Amino acid sequence: MSSRYVDDAVWLQAVAYFEGACAYCGSTRHPLTADHLLARSRGGGDVPSNIVPACEACNQAKGTMDWREYMMSMPTFSQDRMNRVFNWRRICRQAKIGE
């Protein structure tokens with residue numbers, strides 16, 4: 001399991017932070033892919049604070065949608081998972097992870 005967008009150490013930190021689960025739905029039953037919170041096509045960068053682990057189903061379903069909008073539209077929406085994404089972004093920015 002790796003990401004072509006961030007180095008392996010950062011990817012492993014992201015996966016560990018989200019406890020091996022999809023950042024959006026919380027599933028641990030499917031392989032994880034790197035998802036850009038702000039899609040690259042919308043100006044999102046390949047920086048750790050913009051990349052979270054996501055199962056393929058969520059990655060595909062989200063597409064270029066705003067990640068907050070996507071999460072809140074899910075039947076399995078969890079405020080705790082959303083807060084975890086916000087915290088991941090804050091931690092990356094404060095610690096300057098991947099810079």
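Here goes a summary of the coordinates provided. (Residues numbered from 1 in each chain as written. Predicted model: local features only at pLDDT ≥ 70, side-chain atom pairs only at ≥ 80, totals over all residues. Heavy atoms only, no water.)

### Comments concerning the packing of aromatic side chains
Here is the rule we go by: When two rings of Phe, Tyr or Trp (its six-membered ring) have centres within 6.5 Å they constitute a pair, described as stacked for plane angles under 30 degrees, edge-to-face for angles over 60, and tilted for the intermediate range. Put simply, DSSP H or I for four residues or longer makes a helix, DSSP E for two residues or longer makes a strand, and each gets a number counted from the N terminus. Type-normalised accessible area, obtained with a 1.4 Å probe on protein chains alone, sets the label of each residue: buried when under 20%, exposed when over 50%, and partly exposed for intermediate values. When the NZ atom of lysine or the CZ atom of arginine is within 6 Å of a ring's centre and also within 35 degrees of its normal, the charge is said to sit over that ring.
The full count for this structure, using the stated rule, is 5 aromatic pairs. On the basis of an interplanar angle of 35 degrees and a centroid distance of 5.4 Å, the ring pair of Tyr17 and Trp88 is categorised as tilted. Of the two residues, Tyr17 is situated in helix H1 (residues 8-17) and Trp88 in helix H4 (residues 79-95); the sequence distance between them amounts to 71 residues. Among the residues examined, Trp88 registers a relative accessible area of 3% and is labelled buried. Between Trp67 and Phe86, the ring centres sit 5.0 Å apart and the planes meet at 65 degrees, which makes this aromatic pair edge-to-face. Here the residue Trp67 occupies a position in helix H3 (residues 67-73), and Phe86 occupies one in helix H4, the gap between them amounting to 19 residues. On the basis of relative accessible area, Trp67 is assigned to the buried category, the value being 2%. Linked through ring pairs, Tyr17, Phe18 and Trp88 together constitute an aromatic cluster. A cation over a ring is seen here: Arg84 above Tyr17, with NZ or CZ 4.7 Å from the ring centre.

Treat this as a map of the structure, not an account of what it does.
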